[in-house]
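Chain residues, written in single-letter form:
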Amino acid sequence: MAPAPARTGNGNVEAPPPPSKDAKKIKDEKKEEDLSEEDLALKHQLELYVERVQDSDPGLQKTALESMRQEIRTATSSMTSVPKPLKFLRPHYGTLKAYYEMMIESDIKKYLADILSVLALTMSVEGERESLKYRLLGSKGDIGSWGHEYVRNLAGEISQEYQKRQIEEAPTDDLMDLVTQIVAFHVKHNAEPEAVDLLMEVEELHLLTDHIDATNYKRTCLYLKSFASYVPGPDDMQVLDIAYTIYTKFGEYTNALTVALSMHNIKYVKATFSACVDPLQKKQLCYILARQGVTLELDDEMTNGNEEQREQLQEIINNIKLSEGFLSLARDLEIMEAKSPEDIYKAHLIDGRASASASVDSARQNLAATFVNALVNAGFGQDKLMTAASDSSSGGSSGSWLFKNKEHGKASAAASLGLILLWDVDAGLTQIDKYFHSNDNHVIAGALLAVGIVNCGIRNECDPAFALLTEYVCKDDSNIRIGAIMGLGLAYAGSQKDDVLRLLSPILTDSKAPIDVIAFTAVSLGLIYVGSCNDEVAQSIILALMERSEAELGDPLTRFLCLGLGLLYLGKQENVDATLEVAKTFNEKISKYCQVTLESCAYAGTGNVLKVQSLLGLCAEHLEKGESHQAPAVIGIALVAMAEELGLEMAIRSLEHLLQYGEQNIRRAVPLALGLLSISNPKVNVMDTLSRLSHDTDSEVAMAATMSLGLIGAGTNNARIAGMLRNLSSYYYKDPSLLFCVRIAQGLVHLGKGLLTLSPYHSDRFLLSHSAVAGIITLLHACLDMKSIILGKYHYVLYFLVLAMQPRMLMTVDENLKPLSVPVRVGQAVDVVGQAGRPKTITGFQTHTTPVLLAAGDRAELATEKYIPLSSVLEGFVILKENPDYQQDNLTS
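Thresholds applied
- Residues numbered from 1 in each chain as written.
- Predicted model: local features only at pLDDT ≥ 70, side-chain atom pairs only at ≥ 80, totals over all residues.
- Heavy atoms only, no water.
- 1 Å grid on protein atoms, 1.4 Å probe; cavity = no way out; pocket = protein on both sides within 12 Å on 5 of 7 lines; lining within 4 Å.
- Points joined across faces, edges and corners; volume = space filled by probe spheres on them.
- Helix = DSSP H or I, 4+ residues; strand = E, 2+ residues; numbered from the N terminus.
- Nonpolar A, V, L, I, M, F, W, Y, C, P; charged D, E, K, R; others polar.
- Pairing = 2+ DSSP bridges.
- Contact = heavy atoms within 4.5 Å.
- Axes fitted to C-alpha atoms, helices over the stretch in contact; angles between N-to-C directions.
- Expected span 1.5 Å × (residues − 1).
- Salt bridge = Lys/Arg side-chain N within 4 Å of Asp/Glu carboxyl O.
- Buried < 20%, exposed > 50% of the residue type's maximum accessible area, 1.4 Å probe, protein only.
- Phe/Tyr/Trp six-rings, centres within 6.5 Å; stacked < 30°, edge-to-face > 60°.
- Disulfide = S-S within 2.5 Å.

Empty pockets left among the atoms are what a rolling probe the size of a water molecule brings to light. Tallied over the full model, the rule gives 7 cavities of 30 Å³ or more. One number sums up the size of the largest cavity: a volume of about 250 Å³. Along its surface, the largest cavity is lined by 23 residues, and Gly293, Cys456, Gly457, Ser771 and Gln806 are the ones closest to its centre. Elements supplying a minimum of two residues to the lining of the largest cavity: α15 (279-292) and α28 (478-491). When residues in the lining of the largest cavity are grouped by element, the largest group, 3 residues, is from α15. Taken together, the residues of the lining of the largest cavity sort by class into 12 nonpolar, 9 polar and 2 charged. One number sums up the size of the second largest cavity: a volume of about 60 Å³. In this structure, the second largest cavity is lined by Phe371, Leu375, Leu419, Ile744, Leu748, Leu798, Tyr799 and Leu801. Here the lining of the second largest cavity is composed, by residue class, of 8 nonpolar, no polar and no charged.

Dropping the structure here:
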């Protein structure tokens, strides 16, 4: 026990004596007693090396450093502990550093610098970057021999040092030598993502291509593709450019093409075509282009001068066989039989009061049934209301159904024929033809629209849509004009066809033309030139907006002029800036609306966080009544954030906040934004929110939520949503407007009997189809004023959704493009980016025989080795070729 402190004569307590050297010694000995004999020996050994390093004999110094180096390199440790040599050398780090400073320049000094660099891994002060400092002063030996953790730490310090030198404008050559070594080390040890990250930090990503080989390019490119969506522009294009270069280098042309399409680089698309020599592979490339909706005229260079091959490939790009493939899927699933609206409403499952009201034969109900019938039987070529006439002997059913609709309702009824015969141009035009001879202008308008719908996404050598619709564009009756103009917009969406521009452009600047005709002209031109930044169209729309009177600018359809302008810059980011400046000079009634629409379209699908923040900022303002620009800002948030899963989830959370704190005009747009974020992908949290909002006291919110329930369930046959909508039809049986929205939503959920999707993303959610997004945005903007547009006389804007309709199928075809049934595993896609080895890409799979349906988030892979797919992503049409090694395996076994 320590002696008590003694008191001095004046009463003060005397301080205890300082601990003796012996006491320190005892403490150290106690510590040493805790160590095993082996560790103790190592500790003494290392202390001896430290003393020897400070010896005056260079020979002894070198031997000590060699031994120390050997101990550090061969040391092993668990994941959570520091290697023992580093632990025991910790007290001597300062000593060695001080001695290093006193040494004269020699090889031994460099040797010591190497060891200090490794010791700094655990001992240096944060932010000092001593590990890098001593590495640069060291012997420049093999960097990897010190282990992964050392290399990783060094990479982190290099990126900090690089940024510091960039600010000071100091040279970075010495760092680049190290970077090259580290990248080679990472790539060799399957840590490609770390190599990519380091090169991105030092802005030298192009060096990556020298290190990639056939064993690791797939993993590397997968990482590049997925992290491009988190990189701000223009760096994201550089990342994709490197991925494209690597894919091309290794002959992965289908992947190279998807990257080129993601960059919207038509030059790369053509180069990929020219580089690919295998005719079968070329056909697969054409299927990808057709799915993306790219209009490409093949020339001799791309087809090596083979005219027969050129015709075959052009036919695939033109999507001529889409209807055939879709119908063979329907036959395979045995769902060819036409469905009637009653089969969808399932009134017998609802309480008595609603089923009684369902039998009431009102024009609004019949119009709803027209849309439901068209949506459910979309693409099947037969139904029980419109096409049944040609089969029945009475010959009157189609005509009689058409005339069960009032005035403008007849236009939608006639146009519904186009949707039923979707993609089947020859049969479609034959059936639509009879309506051209009608005396009713509404029927003719509907027939014109039907021609556009049938041709949507299909390119035909004869250009039937242009030939049929041209003469009606300048008729006197505005209904007929709108039918023809909207038909042209749907038929040529994304094609940038100059003939249509010459035809429609004068209408925009015609001061006598009514505002509705001008509005539809602007949208149609926006669709045809979507994402093209075409100056001529932009000038015409700007002129139209400037010349209109204030009264006309207050019309609900004026929003379509702003939207048409926005569509021209879809996804084109900063290219919109000049037009944005012009929009600030417009009449204050539409200036802000136009600016928000332009900005949200320009950054659609980019995931740009700053834009989402600025749009959220607009929504946070509490303004007086009459401000209309906040609603498109809400839709803009969804448009920008839908690029990747993480941003999408965050946007859904932000929209929840807007519901709680936002003004009424914002709350009306939130359901539509949610509908866009999980379109054809019924997420439970979104579904519950929309279900809650569909009972909202504000009827506009309830209508938007009901429509969005249809959008999120589009083409999924989702039983839960179908049940919700049945209950809503009973709840709103006395409210014709809301009941109409419920019916439309029911039609959407059963879209194409569950074989179609509205999702604008495809190819493993990597590619965004511009024309599909454009169609969806157009409908959403129309839904911002439900009462005037969709519940008014412009309900046919619902047909803009045709642009996004695609079969959600996997159809495998053989080398002659004939359907081929093979077993495939379909399961939930797993994100394997940056994972080591060869992890499974799907989970919870079931094995089916093609053709199969793919739900949102599903992925397919072949379950047989007999065939090799020519596309890495199994979606849509995939060509299979026989595996030459397969038979040999069979023979040997």
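Okay, the sheet that holds strand β11 (residues 876-882) next. The 4 strands are arranged β8-β5-β11-β10 in an open sheet whose pairing can be described as mixed. If you trace the sheet from one side to the other, it starts and ends with β8 (852-853) and β10 (867-869), each paired once. Bridge analysis of β10 against β11 gives 3 bridges, and the strand direction is antiparallel. Pairing of Pro869 across the sheet is with Leu880, part of β11. The strands touched by helix α18 (residues 322-332) within the sheet are β5 (809-813), β8 and β11, with β5 carrying the most contacts at an inclination of about 105°.

Bringing helix α8 (residues 148-168) into the picture now. Since one α-helical turn is 3.6 residues long, residues separated by three or four positions face the same way. Over its 21 residues, α8 extends 30 Å from the first C-alpha to the last, a length consistent with the 30 Å expected when each residue adds 1.5 Å. Its buried side turned inward, α8 meets α6 (107-123), α7 (130-137), α9 (173-188) and α10 (192-201). Phi turns positive, to about 55°, at Glu169, one or two residues after α8.

What follows deals with the pattern of salt bridges. What the rule picks out here adds up to 22 salt bridges. Residue Glu161 pairs with Arg165 through a salt bridge whose shortest N-O separation is 3.0 Å. One end of the pair, Glu161, and the other, Arg165, are both in helix α8, 4 residues apart, so they sit about a helical turn from each other. Like Glu161, the residue Arg165 is buried in the burial classification. Here Arg859 and Asp764 are joined by a salt bridge, their closest N and O atoms 3.2 Å apart. Of the two residues, Arg859 is situated in strand β9 (residues 858-862) and Asp764 in the loop between β2 (761-762) and β3 (767-768); the sequence distance between them amounts to 95 residues. Overall, Asp764 belongs to the partly exposed group, its relative accessible area being 34%. Three or more residues are tied together by salt bridges with common partners; here these are Asp463, Lys497, Asp499 and Arg502.

Right, let's get into the packing of aromatic side chains. Taken as a whole, this structure holds 14 aromatic pairs when the rule is applied. Residues Tyr217 and Phe250 carry aromatic rings whose centres are separated by 4.5 Å and whose planes lie at 5° to one another, so their mutual orientation is stacked. Here Phe250 lies in the loop between α12 (235-249) and α13 (253-262) and Tyr217 lies in helix α11 (residues 217-228), a separation of 33 residues in the sequence. According to the relative accessible area criterion, Phe250 is partly exposed, its value standing at 25%. For the pair Phe371 and Tyr799, a centre-to-centre distance of 5.3 Å together with 40° between the ring planes defines the contact as tilted. A residue pair is termed long-range when its members are at least 10 positions apart, and Phe371 in helix α21 (residues 363-376) and Tyr799 in the loop between α45 (789-793) and β4 (806-807) qualify at 428 residues. Judged by its relative accessible area of 2%, Tyr799 falls in the buried class.

Moving on, we come to the state of the cysteines. The full count for this structure, using the stated rule, is 0 disulfides. Cysteine Cys221 shares no disulfide, and the gap to the nearest cysteine sulfur, in Cys276, comes to 17 Å. Cys456 carries a free sulfur, and the closest cysteine sulfur to it, the one in Cys783, is 18 Å from it.

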